[in-house]
Amino acid sequence: MAANIYIGEILENEEIQEDCFLMKVKTAPSFQNPLPGQFVMIRIAGLNDPFLSRPISIYSFSRNENYCVIELLYRVVGKGTQIMAGLIEDSQVEINGPLGNGFNIQSVKENIVIVSGGIGIAPLSLLIEYLRQRDDCSSSEMIIYPGFQSASAVIGLDKMQKLCRNITVCTDDGTLGNKGFVTQIFQKDMKKYTPENTSLYACGPKEMLKALAKILHNTKFDCQVSLEERMACGTGACVGCAVAVKDKQGDPAYKRVCADGPVFNLTDIIWE
Amino acid sequence: MAANIYIGEILENEEIQEDCFLMKVKTAPSFQNPLPGQFVMIRIAGLNDPFLSRPISIYSFSRNENYCVIELLYRVVGKGTQIMAGLIEDSQVEINGPLGNGFNIQSVKENIVIVSGGIGIAPLSLLIEYLRQRDDCSSSEMIIYPGFQSASAVIGLDKMQKLCRNITVCTDDGTLGNKGFVTQIFQKDMKKYTPENTSLYACGPKEMLKALAKILHNTKFDCQVSLEERMACGTGACVGCAVAVKDKQGDPAYKRVCADGPVFNLTDIIWE
Amino acid sequence: MKTKTSPHMAVNLGRLKLNNPVMTASGTFGYGEEYAGYVDLNKLGAIVVKGLSLKPRLGNPPPRIMETTGGMLNAVGLQNIGVDAFIEEKLPFLRQYDAAVIANIYGETYDEFKKVAKKLSSANGVHALEVNISCPNVKKGGVSFGTDPKIAATITRMVKDETGLPVIVKLTPNVTDIAAIAEAVEKAGADALSLINTLTGMSVDLKTRRPHLKNITGGLSGPAIKPVALRMVWQVVRRVSVPVIGIGGIMTAQDALEFLILGAKAVQIGTANFVNPRATMDVVEGIKQYLAENKIKDINEIIGTFQP
Amino acid sequence: MKTKTSPHMAVNLGRLKLNNPVMTASGTFGYGEEYAGYVDLNKLGAIVVKGLSLKPRLGNPPPRIMETTGGMLNAVGLQNIGVDAFIEEKLPFLRQYDAAVIANIYGETYDEFKKVAKKLSSANGVHALEVNISCPNVKKGGVSFGTDPKIAATITRMVKDETGLPVIVKLTPNVTDIAAIAEAVEKAGADALSLINTLTGMSVDLKTRRPHLKNITGGLSGPAIKPVALRMVWQVVRRVSVPVIGIGGIMTAQDALEFLILGAKAVQIGTANFVNPRATMDVVEGIKQYLAENKIKDINEIIGTFQP
Ligand SMILES: Cc1cc2nc3c(=O)[nH]c(=O)nc-3n(C[C@H](O)[C@H](O)[C@H](O)COP(=O)(O)OP(=O)(O)OC[C@H]3O[C@@H](n4cnc5c(N)ncnc54)[C@H](O)[C@@H]3O)c2cc1C
Ligand SMILES: Cc1cc2nc3c(=O)[nH]c(=O)nc-3n(C[C@H](O)[C@H](O)[C@H](O)COP(=O)(O)OP(=O)(O)OC[C@H]3O[C@@H](n4cnc5c(N)ncnc54)[C@H](O)[C@@H]3O)c2cc1C
Ligand SMILES: Cc1cc2nc3c(=O)[nH]c(=O)nc-3n(C[C@H](O)[C@H](O)[C@H](O)COP(=O)(O)O)c2cc1C
Ligand SMILES: Cc1cc2nc3c(=O)[nH]c(=O)nc-3n(C[C@H](O)[C@H](O)[C@H](O)COP(=O)(O)O)c2cc1C
Ligand code: FES
Ligand code: FES
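Residues numbered from 1 in each chain as written. Chains lettered and ligands numbered in written order. Predicted model: local features only at pLDDT ≥ 70, side-chain atom pairs only at ≥ 80, totals over all residues. Heavy atoms only, no water.

## Some details on the interface of chain C and chain D
Moving on, step 1. Between chain C and chain D, the residue contacts involve 41 residues of the former and 41 residues of the latter.
Moving on, step 2. Carbon and sulfur atoms supply 70% of the area buried between chain C and chain D, which totals about 3,400 Å² over both sides.
Moving on, step 3. By the criterion of area lost to chain D, the three top residues of chain C are M202, L206 and R209 of chain C, representing 21% of everything that side buries.
Moving on, step 4. Counting across the chain C and chain D interface gives zero salt bridges.
Moving on, step 5. In this structure, the connection of chain C to chain D is made through 15 residue pairs in polar contact (both at pLDDT 80 or more).
Moving on, step 6. Looking at the side of chain C that touches chain D residue by residue, the class counts come to 23 nonpolar, 14 polar and four charged. (Contact = heavy atoms within 4.5 Å. Buried area = accessible area lost by both parts, 1.4 Å probe. Salt bridge = Lys/Arg side-chain N within 4 Å of Asp/Glu carboxyl O. Polar contact = N/O pair within 3.5 Å; in protein donor to acceptor, adjacent residues only side chain to side chain. Nonpolar A, V, L, I, M, F, W, Y, C, P; charged D, E, K, R; others polar.)

Shown next as structure tokens:
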């Protein structure tokens, strides 16, 4: 692993939607190129309240000779993200990363179907960027189902639209795009796809992923999902971020979301 | 007591000398006019690290119809004051005050002699301001002995110079004014003053006050000193900021620096 | 957020009826006067006053307090004006308010506990006694009283014999099995239990290479200890049937609600008062708001809702 | 600040000789690998690995951790790969480094403790055993082992009988009198003591009105508990003559020095690793700097300097 700790300097930290911020952080050029789906642990104040670092996916990444820029797209939900939102330009944060396994993008099929819920769009955006840059994917069709609670919660769509034309926006309340849970809309389209010709990726709230698991149950679709779990270390040491999965023998085992994940095969996950 | 909690808005927070800051805080007009020697408890981040509020003397105070401005002169010595120093314009702090008894300025004698050590100049500055504004003090001669470790640690002198001409600056290393501890310089001058015609006020590090106590021991000089002690509540509730003093019967008792003080008669204090 | 009908906030701790479950913790609110400028004392469920002993106590030499991460250490050593001065000088002030007045009492001997209890029982305006068998900052008695179930029970029985007032026994967390002590004092007649007192702690000054506190050790309080306090309340509520008052690190209504959900019938706010003199009011208002938002009409509906 | 001659940092814990007094705490540093990218493992005094049991353990169901003020709760439940897999898969990696390797061991029965100890004693590259009689997150054994001086002594003796390695016994803070337990295990042959393990705690989710942790309670660690850890180390060092390793809430060199001044011969860094993966290195460097600034040539000169 080539993750390490970096002092990040905040270049920008803007509220791009109600309670939703885009933070651009400059780090040393030694920061390793992240895989899509990887994340950073961000230590917010260097003080002991809040105590733990917060995991945030890498939304976008770029580098030049002198430095790297990590973009984080985050929603304010509690104390830690609130403090993040208050950080001003030029202030510093400690960043540990890139962490996690990231999405497996070794072999991609004809259809790349991506289902996101809410802020789950963050890691999937980087995935789309990467796949778009790859020659062997140029012939693949990319279809994106971004779901949000309502029009006022929509984020990250502009960037997606630059990368992809086949976007089926869904909102729970129908205030934008299709009305309904994104999983329901996806399900309606499912007959378009076959397990053989489709690579499926998803990220979103647990309930959404559970619904997706139900839909895909007893089908042969492979689906890579990025999970969230409370984290302490982010590096695999504390075994705090456990998720129950079937191991190779099919026996239940606890895997670490931070080090064995955050990306898992949906079929391996044992939901409570 | 009419102390209360106020949201303070930072108007200015400038490093006026190495590690020494002047913070101007705007509060609601209901903030009570402080007595010189009173202080505020300042809650730095609203978080639990640092946990306790910090006591800082009121260095200057002004009001107009719409708001009050409290000036705080402080030295960065640890975590709390460091965070204070990092606060930018427009950020908010919680302020509890004005607290403490303040200097007794009911009856002032011909000579007003003020001995300060280091940042101890802060509460004494407000005292000087108040005394200067009073008609019945206009005939008093004010003599100030401000002591500092060295020229590079001198603070608050410009304001004093506007209020008073008779200033005997002392530095431990002689880099400005008289060389030596301020108490030694004061001692040399002592024959100029008699207990009958002199009101003495002092604030500074414990060692300085102890030295002063020794010098004044067995004399009849009254000296009011402002003490420092670690504080939790600042309001007299926790009895944490105890100082040993002789009570009216001459028996030892623990008084609260925050509520019974911070100003005490030097002769009442029982030094360890 | 205003709501049309304010939720019902009264709770009964056995015979002791409170307008709401929010009290002040002993030693952190003086005798009430210190906070009268910040807080409407009428809006408190109860005021628990600074621990009272038979004679005035000088307390420990300074330094007495030190900040720690998310908390503080104190070794005040139960400095107080003594029970007689309390009755004469402080009680008349407290009698003016709606809040119940609970006298926290302390003795170095069994006899002292008895005498203090007796004096307060005949005083006008005391609604309950809280027996501190757990102060870690005094040399005699203190810790050992509260860590031994038998002694704890004996003191409880003695105090009960001297008073007609409800008797709350305050437990120390510095024990292996707090539930065993809780059961012992319940059996001995305690009308309610309050927990926790401070955890014994220490901190060292790297300049002097000595402990910051002159007393060497002190009592740790504040949000740092809240997880321990919650766990102990949880252990105790399942083992006793008398009401339990939750104490330890409560800074906000959210913190207080954690205790209530686990089964505490009321809470005490301690160190939070130092940091936020209006903490008690904020907790009362915050609980009301939580109940309103969750459409709960009566605070008693939330108490003890978690059952494993 | 660089100094010309670096202070002498080696300490002896009886037979166990360390290049410096800074170790990792069990369960917070994985098997070393997880931090190899952040830390020069050669610069650690010792690596204490995650608690090992005879068979692999699944651990507790999630959620397993929760942040608290100045700390965290964990109920990992000793998930580990088992002693055999450790010896085969992890030990070869650890053998490469200068740091002493200390195996933290755990059993649900006396017999399990014995077997794990035996297996590790014949493995190449283990320098000492740390016997965890204090994990609060497992249903059997766990707490009760460590809170009873007799059982604690029995386990100590049994492990000693199985091994030629130095045996460190790790104590739980969830007891009334930690010094009594320390004395009992010293008498039973412990070569050193380490303290403290986590304080048992809890926290409640106001949305679900259930504890955040599936396991209900968990172990509290981090700077919140440092004052309790310091107090317990202080109580123990005065009652035993074997070396004591201080653990609990150490985030910085300053924190570590507090323990050393009170008499701990070494320290372990736990939760701090999560927040700052380079914490151990920062502590080593910070101690050196403090010694240099204070013109102390040998770390042993500062150990136990406070005498009341
Ligand atoms: C691998 C990974 C990637 C993530 N990427 C993003 C992202 O790109 N953008 C974004 O907005 N959010 C992301 N999250 C969720 C984000 O970490 C939480 O919203 C954040 O930690 C909440 O912290 P808080 O202090 O604001 O909330 P609080 O609720 O106050 O946090 C309290 C505790 O719960 C934990 N916690 C709360 N919510 C979550 C959650 N959903 N997942 C994990 N831990 C949680 C916190 O870390 C903290 O320890 C990601 C989570 C994981 C695990
Ligand atoms: C009545 C009063 C008035 C004061 N007025 C001023 C002022 O006008 N300007 C100024 O610069 N300083 C003043 N001080 C001192 C100031 O409170 C401390 O310097 C400050 O609390 C240090 O906090 P810290 O977190 O930076 O230091 P740390 O050393 O990290 O603080 C740790 C703990 O020790 C306490 N502490 C440390 N030093 C002192 C001290 N000297 N007095 C009391 N508590 C201390 C802190 O409050 C905190 O609880 C005053 C103190 C008192 C009691
Ligand atoms: C400065 C101080 C003084 C205290 N004095 C007493 C006391 O006299 N009697 C008592 O029973 N508890 C006393 N306590 C303990 C508190 O009442 C309370 O049990 C403890 O502080 C934990 O609650 P908290 O974390 O909300 O402060 C005192 C606590 C502090 C901080
Ligand atoms: C996630 C986690 C797992 C732990 N696992 C173990 C363990 O397996 N064996 C053990 O003896 N202690 C274990 N501990 C306790 C630590 O080693 C240490 O004693 C405790 O956390 C206090 O130190 P700290 O505050 O520096 O973390 C664990 C602690 C944490 C936080
Ligand atoms: S967060 Fe520590 S193992 Fe995943
Ligand atoms: S700081 Fe609490 S009584 Fe003075």
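Don't stop here, the text continues.
## With respect to the environment of Q38 of chain A
Residue and element names in this part refer to chain A.
Moving on, step 1. With respect to the helices and strands, the residue Q38 is situated in the loop between β2 (20-27) and β3 (39-43).
Moving on, step 2. Here Q38 falls in the buried class, since its relative accessible area comes to 8%.
Moving on, step 3. When near neighbours in sequence (up to four residues on either side) are disregarded, Q38 contacts N33, S57, I58, P98, L99, G100, N101 and G102.
Moving on, step 4. Of the polar contacts made by the side chain of Q38, one reaches the backbone oxygen of G100; its length is 2.7 Å. (Helix = DSSP H or I, 4+ residues; strand = E, 2+ residues; numbered from the N terminus. Buried < 20%, exposed > 50% of the residue type's maximum accessible area, 1.4 Å probe, protein only.)

## Notes on helix α5 (residues 206-216) of chain B
All names here are of chain B.
Moving on, step 1. For α5, every residue scored as buried is listed here: M208, L209, L212, A213, I215 and L216. End-on, the buried residues of α5 take up no more than an arc of 160 degrees, which puts them together on one face. When the buried face of α5 is taken as reference, the exposed residues oriented beyond 90 degrees from it are E207 and K214.
Moving on, step 2. The elements touched by buried residues of α5 are β8 (111-117), α4 (182-189), β13 (198-203) and β14 (223-226).
Moving on, step 3. Looking one or two residues past α5, N218 carries a phi angle of roughly 65 degrees, positive in sign. (Arc of directions from axis to C-beta.)

## Re the packing of aromatic side chains
Each aromatic ring pair is characterised by the separation of its centres together with the angle its planes make.
Moving on, step 1. Inspection of the entire model under this criterion finds 24 aromatic pairs over all chains.
Moving on, step 2. Arranged with centres 4.6 Å apart and planes meeting at 10 degrees, the rings of F29 of chain D and Y35 of chain D form a pair that is stacked. When sorted by exposure, F29 of chain D lands in the same class as Y35 of chain D, which is buried.
Moving on, step 3. Between Y31 of chain D and F86 of chain D, the ring centres sit 5.9 Å apart and the planes meet at 40 degrees, which makes this aromatic pair tilted. With a gap of 55 residues between them, Y31 of chain D in the loop between β3 (22-24) and β4 (46-48) and F86 of chain D in helix α1 (residues 83-95) connect regions that are remote in the sequence.
Moving on, step 4. Overall, the relative accessible area of 0% leaves F86 of chain D in the buried class.
Moving on, step 5. These aromatic residues form a ring-pair network of at least three members: Y6, F31 and F61 of chain A.
Moving on, step 6. Positioned above the aromatic ring of Y67 of chain A, the side-chain terminus of K26 of chain A is 4.7 Å from the ring centre.
Moving on, step 7. Between the NZ or CZ atom of K159 of chain B and the centre of the ring of Y59 of chain B, over which it lies, the distance is 4.0 Å. (Phe/Tyr/Trp six-rings, centres within 6.5 Å; stacked < 30°, edge-to-face > 60°. Lys NZ or Arg CZ within 6 Å of the ring centre and 35° of its normal.)

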